[in-house]
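Per-entry structural report
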Amino acid sequence: MPEGAGRELVRSFTHVAAVQNNATTSVGPARLAVSWVDAGAPVRAEIIVMPLQSGEDSVHEITLGETFPVGEETWRFADLDMASADEWKVTVRRVDENEVLEPPTGRLWKPARLRPYGQLDEGQLQALEAALGVRLPPSYRDWLRRNNGAQPEVEHHIPGVPFSLLPERPLFGVHPEYPPFDLVHAQRVHRDPWLSPNWLVIANPSGGLLVISTQSSDGSVYFVHEMDLVGPPGPPASAARERKLQGVARSMGYLVGRLTPVELGDLPPAQMMPPGTFTDPRNYEDGPR
């Protein structure tokens, strides 16, 4: 009997598929997963092909534009779109006789450009915790031990979150000689008027505050918008403000992975307004209010 006789060829039900990080995607004869991506030159990825019927998994380390086998078919690593170092989508496309080679349009992650201030020893960390009156979450404590805060070389943001981390507004560390960058000083100035001691302000970027919980061990990072930093001090108002906190990263490592340097290409295009155009949304018909 000829090889393959009696075996039905399983064909894909689609010609293009997207594979998210930490997920698998079915393309018919197999499920696909991506172990890692590299946005360097060249752009690379490790794609795992897991047959649905029989056969062993196969692993293919390929560059953008190259092909790999999926059963009896050939597929191409067609595109990569990255929101951060840990959030991305790989697009694969089946290679058919009439395949149209479309240029990649995905966005590649630009690594954060941060300058750590140094390191902290155990004695310094314990003194910091005594001054703060809290035990730091383990992951944040370890990040502080290795970095003692960090200064961005240029403006950074997280796409979709309205804040900008600036060289003059860094991630705080232990800097009692320079209070504007000091973690203990930051709590008196930036936290105590607005939030309860259940939170620790780790940065004062333009647009709001970055904070972590002192009651949780996971070290997740949250953002509070500057428009919510209003009202009287005290528990009732603090509780209302804290309900508006927005999670942005599950640890400092993930925060750094999401921080993206802002370049001119990231900003919306400037609009030329005719002379005399009034752009202030307030109504001054009866004079300033």
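Residues numbered from 1 in each chain as written. Predicted model: local features only at pLDDT ≥ 70, side-chain atom pairs only at ≥ 80, totals over all residues. Heavy atoms only, no water.

Where an unreviewed UniProt entry is consulted, the protein chain appears under the name Knr4/Smi1-like domain-containing protein, with the organism given as Micromonospora andamanensis.

Overview of the packing of helix H1 (residues 122–132) against helix H3 (residues 183–191)
Where we set the bar: To get an axis, fit a line to the C-alpha atoms, keeping to the stretch in contact for a helix; angles then go from 0 to 180 degrees between the N-to-C directions. Going along the chain from the N terminus, every DSSP run of H or I of four or more residues is numbered as a helix, and every run of E of two or more is numbered as a strand. Oblique is the label for any angle not covered by the other classes, which are roughly parallel (under 35 degrees), roughly antiparallel (over 145) and roughly perpendicular (65 to 115). If you view the pair so one helix is near and one far, a crossing is left-handed when the near helix is turned anticlockwise from the far one by less than a right angle, and right-handed when it is turned clockwise. Note on contacts: a residue pair is in contact if any heavy atoms of the two residues lie within 4.5 Å. Under the grouping applied here, Gly and all other residues not named as nonpolar or charged are polar, the nonpolar ones being Ala, Val, Leu, Ile, Met, Phe, Trp, Tyr, Cys and Pro and the charged ones Asp, Glu, Lys and Arg.
Packing of H1 against H3 leaves a shortest axis separation of 9 Å and a crossing angle of 15 degrees. What the angle tells us is that H1 and H3 run roughly parallel. Helix-helix and strand crossings are classified by hand; for H1 and H3 the assignment is right-handed. Contacts between H1 and H3 involve Leu 128, Ala 131 and Leu 132 from the first element and Leu 183, Val 184 and Gln 187 from the second. Considering only residue class, the contact of H1 with H3 consists of 5 nonpolar, 1 polar and no charged.

Concerning the confidence of the model for the protein chain
Using the following cut-off: Note on scores: pLDDT gives the predictor's confidence for each residue, bounded by 0 and 100.
Across the protein chain, the average pLDDT comes to 86, with 87% of residues at 70 or higher. Between residues 1–8, whose pLDDT stays under 50, and residues either more than four places distant or in other chains, the model counts 1 contact. Taken together, the stretch residues 266–289 has pLDDT below 50 and engages in 7 contacts with residues farther than four places along the chain or on a different chain.

What to know about the sheet that holds strand E6 (residues 67–70)
For the record, the criterion: When DSSP locates at least two bridges between a pair of strands, those strands are taken to pair.
An order of E1-E8-E7-E6 is seen for the 4 strands of this open sheet, with the pairing classed as antiparallel. Every other strand in the sheet has two partners, leaving strand E1 (16–20) and E6 as the edge strands with one partner each. Along the sheet, successive strands turn relative to each other by an average axial angle of 35 degrees, direction set aside. Examined bridge by bridge, E1 and strand E8 (residues 88–94) share 5 bridges and lie antiparallel to one another. Counterpart to Ala 17 in the pairing with E8 is Val 92.

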